[in-house]
Amino acid sequence: MSERLAIIPIDQIHTNPYQPRHQFDQEALNDLSTSISKNGLIQPIIVRESPISGYELIAGERRLRASQLAGLTDIKAIIRSSSDQESRTQALVENIQRSDLNPIEEALAIENLLKQEGATHESIAKDLGKSRPYVSNSLRLLQLPKDIQTALVQEKISAGHGRLLIGLSKKEQAYWLERILTEALSVRKLETLLKQASHPQLPKTPREKNPDIKIQEEWFKQQLGLAVTIDFQEKQGKGQMTISFNSLEEFDRLIHSFKSD
């Protein structure tokens, strides 16, 4: 892959049809435009020669747009020889490295790469410098309904939230999306709540006490005038007896009853 640095006319550059990024923050573009006007463009854009005319943008659409806003007529560019598939991959890699893509844009770009001949999860992961599970998890976000995808695009929820919602019913997804938005649930908190919902804590059924033990408890209660509880474990052949008192007077009376016997 050969490349060279050049200054080229902005009006000869066509936007990249494979650009994965569709959301551009206008305020951030304005700030970048102001910086370019004062300091010039520090990092060149990357283009390839178009088979039709001029140049086709590979990477740097945000810088190109800001330069246009700044009124530049020429721009510093790296002219690179790239195939269509290389152009797709390079555009995606640049955006991922700069963290410029929202999770859905990234997933759609990976899906687009998969449609190319010979592209696999493994090859894309290698090109992106990511793990294979990262690529697979990114693609899974496209299984989510449109309202959750929109929340991801608008950065109201994170990819971590989205992955936890995959596999739930549509009704459950709508319920948890509402709770995430209204309660500002973190990914960790959502995970905990989902686990609790999947495995609700059932109330413990009190063990039925042996009738003979109940009779003995009542006998001791009548003899001592105090509440008595006997916990007997029949299988182990052991247990304990608890005598409860509510004042020092009751305690003294209990001690005296044992001594008198």
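Further up the page is the structure itself.
Residues numbered from 1 in each chain as written. Predicted model: local features only at pLDDT ≥ 70, side-chain atom pairs only at ≥ 80, totals over all residues. Heavy atoms only, no water.

Asks: Honestly, the sheet that holds strand 5 (residues 74-80) in this entry has me stumped. Any pointers?
Replies: Working definition: the strands of a sheet are paired by backbone hydrogen bonds and lie parallel or antiparallel to each other. An order of 1-5-3-4-2 is seen for the 5 strands of this open sheet, with the pairing classed as mixed. The two strands at the open ends of the sheet, each matched to only one other strand, are strand 1 (3-9) and strand 2 (13-14). In this structure, strand 1 lies alongside strand 5, joined through 7 bridges in antiparallel fashion. When the bridges of strand 5 are listed, Arg4 appears paired with Ile79. Packing against the sheet, helix 2 (residues 61-69) makes contact with strand 2, strand 3 (45-49), strand 4 (55-59) and strand 5, and its axis sits at approximately 120 degrees to strand 4. (Pairing = 2+ DSSP bridges. Helix = DSSP H or I, 4+ residues; strand = E, 2+ residues; numbered from the N terminus. Contact = heavy atoms within 4.5 Å. Axes fitted to C-alpha atoms, helices over the stretch in contact; angles between N-to-C directions.)

Asks: What should I look at first to understand the pairing of strand 7 (residues 238-244) in this one?
Replies: The two faces of a sheet get side chains in turn, since along a regular strand they alternate between them. Across 7 bridges, the pairing between strand 6 (residues 227-233) and strand 7 is antiparallel. Within the sheet, the bridge partner assigned to Phe232 lies in strand 7 and is Gly239.

Asks: Got a minute to help me understand the nonpolar core in this structure?
Replies: Across soluble globular proteins, you tend to see nonpolar side chains buried next to one another. Membership of the largest hydrophobic core comes to 18 residues, with the highest contact counts inside it found for Ile8, Ile13, Ile45, Val47 and Ile75. Of all the secondary structure elements, the ones that give two or more residues to this core are strand 1, helix 1 (26-39), strand 3, strand 4, helix 2 and strand 5. Those residues in contact with Ile13, other than ones at most four positions away along the chain, are Ile8, Ile45, Val47, Tyr55, Leu57, Leu64 and Ile75. Ile104, Leu144, Ile148 and Leu185 belong to the second largest nonpolar core, which has 17 residues in total. (Core = buried A, V, L, I, M, F, W, Y, C linked by side-chain atoms within 4.5 Å. Buried < 20%, exposed > 50% of the residue type's maximum accessible area, 1.4 Å probe, protein only.)

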